[in-house]
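Listed below are the residues making up each chain.
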Amino acid sequence: MTGDHEAVVGRSIPMVDGPDKVTGRTVYGTDYWKPGTLVGAILRSPYPHARIAAIDATRAEAVPGVAAVITGADTLGRTFGFHALVSPRLADKMPLERDKVRFIGDEVAAVAAVDLATAREALQLIDVDYEPLDAVFEPSEALRPGAPVIHEGIALNVIDEFHFGSGDLAQGFGEADVIVEDVFRTQAVSPSALETHQAFAEWDARGRLTMYASTQMPFQLRAHMAAVLGLSEGQVRIVKMPMGGGFGSRMEMHPIDPICALLARKAGRPVKITYTREEEFVSTSHRHPFVISGRIGARRDGTMTALELEFLIDSGAYVAQSLGVARVGAINAATLYRIPHTAVHSQTVYTNKPYPSAFRGYGNTQGTFAVESLVDELAEQLGIDAVDLRIQNGNRPDSVTALGQLITSCGYEETLTRGRDASRWSDLRRRRGRSGSKAVGIGVASTINVGGGARDRGGSDASGAIVIMRDDGSASVITGGQEIGTGGITAFVQIAAQELGIPVEQVTVSNSDTDVIPWDLGCHAQRNIFCAGNGVLLAARDARQELLRQAEAQLEIGAEDLELADGKVYARGKAEPVTTIADVVRHAHLRQGGSLVWGKGFYDPPTEQTDSQGHGNKSGAYSFGAQFVEVEVDVETGLVDVTRVVAVHDVGRAINPAGVAGQIYGGVVQGLGQALSEEMVYADGQLMNPNFASYRLPSTLDSPPIEAIIVESGDPEGPYGAKGVGECTIVPTCAALANAVFDAIGVRFTSLPIHPWDIQAAMADPAGASATSSPGTLEGRR
Amino acid sequence: MGLITHHMAYVRPRSVEEAADALSSRPDSARVLAGGQSLIPLMKLELSQPELLVDIAGIAELDDVRDRPDGTIEIGAMVRHARLQSDPTIRRRLPLLSEVAGLVADPQIRTLGTLGGSLAHADPAGDYCMLALALDAQILTNRREIPATDFFLGPFTTPLDAGEMVLGVRLPASDDEHAFVKITRLPFDSGVPAVVVQRLDGVWRIGLTNLGHGHARARAVEAALAAGATPGEAVEHGWTDIEEITDQPVPLTYRVHMARVLTRRALDRAESRGRTSP
C-alpha cells in the first residue's frame, strides 16, 4: 500500500496562496483598514544636506481634522540601524531627524489626520527653518579631504573599510601568464515591489503596540521597534501581512514604522501610512552602486592564480545594510573560483543621496558582474572556451574554499554542461556574423551564493516551528517562515504533508502573529526553505512520532510496524488501513486524561560567523548556477534584443519544481532590467525618475523565452536535499548579457545599464570604442 | 502621488455650446476631460489641479468620422484610439492613421483615450501630433480652424484660449505609400523619435516625435527626396537646428541619430510595401 502513496515533495503543486491572490481575496498590508483609523503622511527634506534650525508646527496643528503632528522632539532621540548590534555607530538614522537632514527625502516631521488631503495640507503648513550645507553626491568626491562631513566624527565619510583575502597576491600574479584588468560600475536599481511600503500602528489601553506590517523579518522589526521606542519586546506585537513583493526591501525597520507608531500614540487612534511610489523609490531599499577595480591572473593552461578587487560603495546618507552587502559581495566574488591568492579591499562611503540597502543578490550581483566579465575576457585572451575555463576553475563537491566555506553539495559543473547543451553554446558562440544591421551573440556567467542562510552577528540563524494535529486529521503548521511571493508556505505544506502522510489540502500554515509564531530570523539569504523548511520538517517529524505513539497505544500495534499515508494508518505490509489519522487524533484529544498531538522543531544550521578576514563557513549550504544569454544587437540603433535565456540552477532538490522555475524566470527578468534599462537617475541628489514612466522596468513584452533547468545535487543538510534559489537567479544575469553583447559586436561594456547610445557610439566609432559606457544620467552629461 | 485628494467640480454637457459655457465660467481652472488618459495621471501627480472638469464624452457629434467629397476626412475629438485602429473608413482612406492608433500605449488606454484629447495635450511623444504636422492637418475648435504648424507650439503647449476646445481634426485622405516606425521596446518607449512618412500627391511628408521642442517636420529630407535623392542620401539633410529639450535622459546626439535611421527605415519600408490595398 505505501507504494501507492505518491510523494508530495518534488511535485509542482499550485501555490496554496495562489487562488486567493488571483481572485483578489488576499488582504495585503496596504488593504488593511479598520474603522477610526487616521491617515499619516511624512514631511521630507527638500535639501540634500542642511541643518534644521527650527521647526514650528503650530499652523499644522490648527488645521481641522489634524489629530497629531510629530517632529524629532517627539521621539526619544534614539538612532537605529540594521547593523546596530555590530557597533553603535552603525545606528545612524532617527525616525525623524532632529538636527540635520542628509538627503532629499530625509524624514523631518509627520501628521496624522482624518484623511490624506487634510494630512497633506497640514504638512505644507509645518514651518521648517533649514540652513543648507554643502553636499556631496559621488563617493570619489566624498573621500576627498575637505569634503562635507555627512555624519559627525566619520572622517572622509568612510563608514566601513575592510580587507578580505587569502594567500599571497604578489605570488599569485607572479605565477600568471595572462593578467586581465578593468573598472566596472553598477547603478542604483529599485526592487520595485508591486505593493509599496505601508505601516499600520495601534496601541491598546495598557500601552501595548500592535503593528500590521509587511515585513520579511517580523522578529527583527519587533526588536528594533522596541529599542527605538523604549519598549520591551513583549510590549510590541507584529502581525505580518501578506506581501506584494519584498526582494529584500522589507527586511529592516524603515522610518515609516516608528513614525506611524509615534503618530498613533500621540493621536490615541490607529494610524496608517501608505507610501506613494515616489516615496517607495526614495525612502526604502535600492541596490548599492559599486565601482569595482578588478584584476585576475591565470597560467596559460587556464589555471587561475590570483584575483584582486577594490570596491568603492555608495552608501547614500545612512549605512542601513551596507556592511552586509559589502561583505557578501566580497566573499562571493573571491570564492566563485578556486583561486589560491585573493584580495578584496572595500570602502563604503556616505553621500547625500537616498540610501541603498538590501535587494535580492545583496552585493553579489555587483561583484559577480565584475568577476564574470573579467573571466570572459580572460578566456578570450587565453584562447580557452569560456565554459571550459569556468569548469576548470570552479568549485567542486566536498571541498573547502580559500575563505573556509565548506562546499558539500555542488552541481556547479553540471549547471555549465547542461546549460552548454541546452543553449547550443558550441554552435552559437563566436558566430560574429552580421545580417543587415543585426549582430548575434551568446554569453555565459555563473554564480555561487549562500544556499542555506548566513550566520551574522547576533548569533542565531534559526527557525522554530510547531505542528498541531486537528481532530479531523488535518494539521496546522505554525512557523516564522515566510511567504514573500516565493512559494515558501507551499513548500512548508508539502514538507509537512509528506512527513505526516496526509494530503496537502489538509495542511494549513500560520506564520503571521509574533504573539503566536515561534522564533525565526526571517526571510533573507536563501534561508526560508533551508532553515524554516528544516524547522517545519523537524516539527512535523516530532508530530508524526507523537501520532505513532498514540496509535500504538490505541491499536496495540508497535509504532515501528505502523505507517502513515493518505490520512490513514497502516500496519506494515497490509493493504487495508487499520484506522485513520483523524481517529487517532480524536482518541488522543477527546478523552479524559488525553493529550495534545503535536510536534515542535527548532533548526539552527551548523555554521559560523565569518572573521575579520572574511573566513568562515557562514552558510549551511551553497547554491550554484549558470546562465546563458542569447542576444541580437542592432548595431545601427544600439538596441539589444534578448532572444533566449537558458538558466541552470543547482537547488539541491526542488521541493516544488514549478515554484523553482518561477524564481528563475523572475530573477532573470529582474537581472535583464538591471543590465539594459533600469537606473535611478540623480541630479544634485534629487532622484529624477521616481516613477515607472521614466524608471523603466521590463514588462512581460520585454521578457525573452527563458528555459529554466533545475540541477539537483542533493544537499546533505537541506530539507529533502533542498537549497535556496530565491536570490541566486538574479546574480549572473548582467554579466551573461554583457558577455553576449561582447560576443556579438566585440565591445566589452563595463558600466550598467548598457544604454543603446553606448552601443551605437561604440559601433559608429570602432577605433575609439572604449570598453566603458558613458553615464546616461542628467548629472553625468552636465 | 497615486491619489487625487483635491476637490473639484464635474460637469457632463450634452452639447458643444454647453461645454464652451462651462469652460468659460472658470477660464483659468477648467479643463476638458476627453478620455482622461493623460489628464488623470497628471492630476494624480498633482501637476494639474483643475477646479472644474468638463467631460465631453456625452457630446455625440464629437464621436464621428466623416469622409468628405473634397478628399479630406474629418474626425471628431472624442473618437477613441481603438476606433481609429479599426474604423473601415479610416482604414481605407487614411491607413497610416489606423497604423499609428494601433501602437498608442496599450489596449486599455486605446479603449478610453481620444484623438482630440491627445492633440490638445500636445505631448512631445504624441504620435497623432507628428501625423497632423506631416499632413498639414487643420485642428478644428469651437472658435476657429488652426493649421497644425501653428498648433503645436512646444511641449504641452498650444494656442488654445480659455473657453476654446478642440472639436476635431481635418486631414487629407491618402492610401499612397506610407509607414510608421516607433520603437516600443525598452529602454525607450518614450524619449526617442518615432517617424511617420506618407506620400501625398506624389510628395513625401515626414513627421517625427520627440525632437527639439516637441514634434518636427523633416522638411530638408522631404526636399531632398523631391529633388531625387535616395532615402539613404536624403536623411543626411537637415537635423541641424534641433535644440535640446531639458529633462530628457536620452542624449540629443543619439536622438538625432535615431531620427535619421528611423526615417530611412520608414521610407524603405513604405517603398517596399507600396500602396495599401483597401
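Predicted model only: the values in this text are computed from it and were never measured. (Residues numbered from 1 in each chain as written. Chains lettered and ligands numbered in written order. Predicted model: local features only at pLDDT ≥ 70, side-chain atom pairs only at ≥ 80, totals over all residues. Heavy atoms only, no water.)

Just to check I follow, could you spell out the overall build of chain B for this structure?
Per the secondary structure count, chain B includes twelve helices and twelve strands. By the compact-globule yardstick of 19 Å for 278 residues, chain B fits well, its C-alpha radius of gyration being 19 Å. Based on the C-alpha atoms only, the size of chain B along its principal axes is roughly 55 × 45 × 30 Å. Here chain B holds 278 residues, and the buried ones make up 54% of them. Considering only contacts within chain B whose residues lie at least 6 apart along the sequence, 62% involve residues at least 24 apart. (Helix = DSSP H or I, 4+ residues; strand = E, 2+ residues; numbered from the N terminus. Rg over C-alpha atoms; globule rule 2.2 N^0.38 Å. Buried < 20%, exposed > 50% of the residue type's maximum accessible area, 1.4 Å probe, protein only. Contact = heavy atoms within 4.5 Å.)

Mind showing me how you'd approach the packing of aromatic side chains here?
All names here are of chain A. According to the stated counting rule, one finds 18 aromatic pairs over all chains in the structure shown. Seen in terms of ring centroids, Phe 103 and Tyr 355 are 5.7 Å apart; in terms of plane orientation they differ by 80°. Their pairing is edge-to-face. Of this pair, Phe 103 sits in the loop between strand 4 (100–101) and strand 5 (107–113) while Tyr 355 sits in the loop between strand 15 (341–350) and helix 10 (364–382), placing them 252 residues apart in sequence. Grouping residues by exposure puts Phe 103 and Tyr 355 together as buried. For the pair Tyr 412 and Phe 624, a centre-to-centre distance of 6.1 Å together with 70° between the ring planes defines the contact as edge-to-face. One end of the pair, Tyr 412, is in helix 12 (residues 412–423); the other, Phe 624, is in strand 27 (residues 622–634), and 212 residues separate them in sequence. Each member of the pair, Tyr 412 as well as Phe 624, carries the same accessibility label: buried. (Phe/Tyr/Trp six-rings, centres within 6.5 Å; stacked < 30°, edge-to-face > 60°.)

In this structure, what is going on with helix 14 (residues 488–500) of chain A? I would like to understand it.
One full turn of an α-helix is made of 3.6 residues, so residues set three or four places apart face in the same direction. Residues and elements named next belong to chain A. Over its 13 residues, helix 14 runs 18 Å from end to end, which matches the ideal 18 Å to within 8%, given 1.5 Å per residue. Judged by how many residues are buried, helix 14 sits mostly within the fold: twelve of 13 residues are covered. Contact partners of the buried residues in helix 14: strand 20 (463–469), strand 21 (475–479), strand 22 (507–510), helix 15 (528–555), strand 23 (562–565) and helix 16 (581–589). (Expected span 1.5 Å × (residues − 1).)

Can you walk me through the pattern of salt bridges in this structure?
Pairing between side chains becomes possible if they bear opposite charge and their charged atoms approach one another. All names here are of chain A. Counting across every chain of the model gives 63 salt bridges over all chains. A salt bridge links Arg 527 to Asp 461; the nearest nitrogen and oxygen atoms lie 2.7 Å apart. Here Asp 461 lies in the loop between strand 19 (438–450) and strand 20 and Arg 527 lies in the loop between strand 22 and helix 15, a separation of 66 residues in the sequence. You can call Asp 461 buried: its relative accessible area is 0%. (Salt bridge = Lys/Arg side-chain N within 4 Å of Asp/Glu carboxyl O.)

Can you walk me through the nonpolar core in this structure?
Nonpolar side chains in soluble globular proteins tend to end up buried together. Residues and elements named next belong to chain A. Residues Leu 737 and Ile 745 are the most contacted members of the largest nonpolar core, which totals 104 residues. Per-element tally for this core: the top contributor is helix 18 (residues 733–745), with nine residues. Beyond its immediate sequence surroundings of up to four residues, Leu 737 is in contact with Val 629, Val 631, Val 640, Val 642, Leu 672, Ala 675, Leu 676 and Ile 754. If you look at the next biggest cluster of nonpolar residues, it comprises 39 residues, including Met 469, Val 477, Ala 559 and Ile 655. (Core = buried A, V, L, I, M, F, W, Y, C linked by side-chain atoms within 4.5 Å.)

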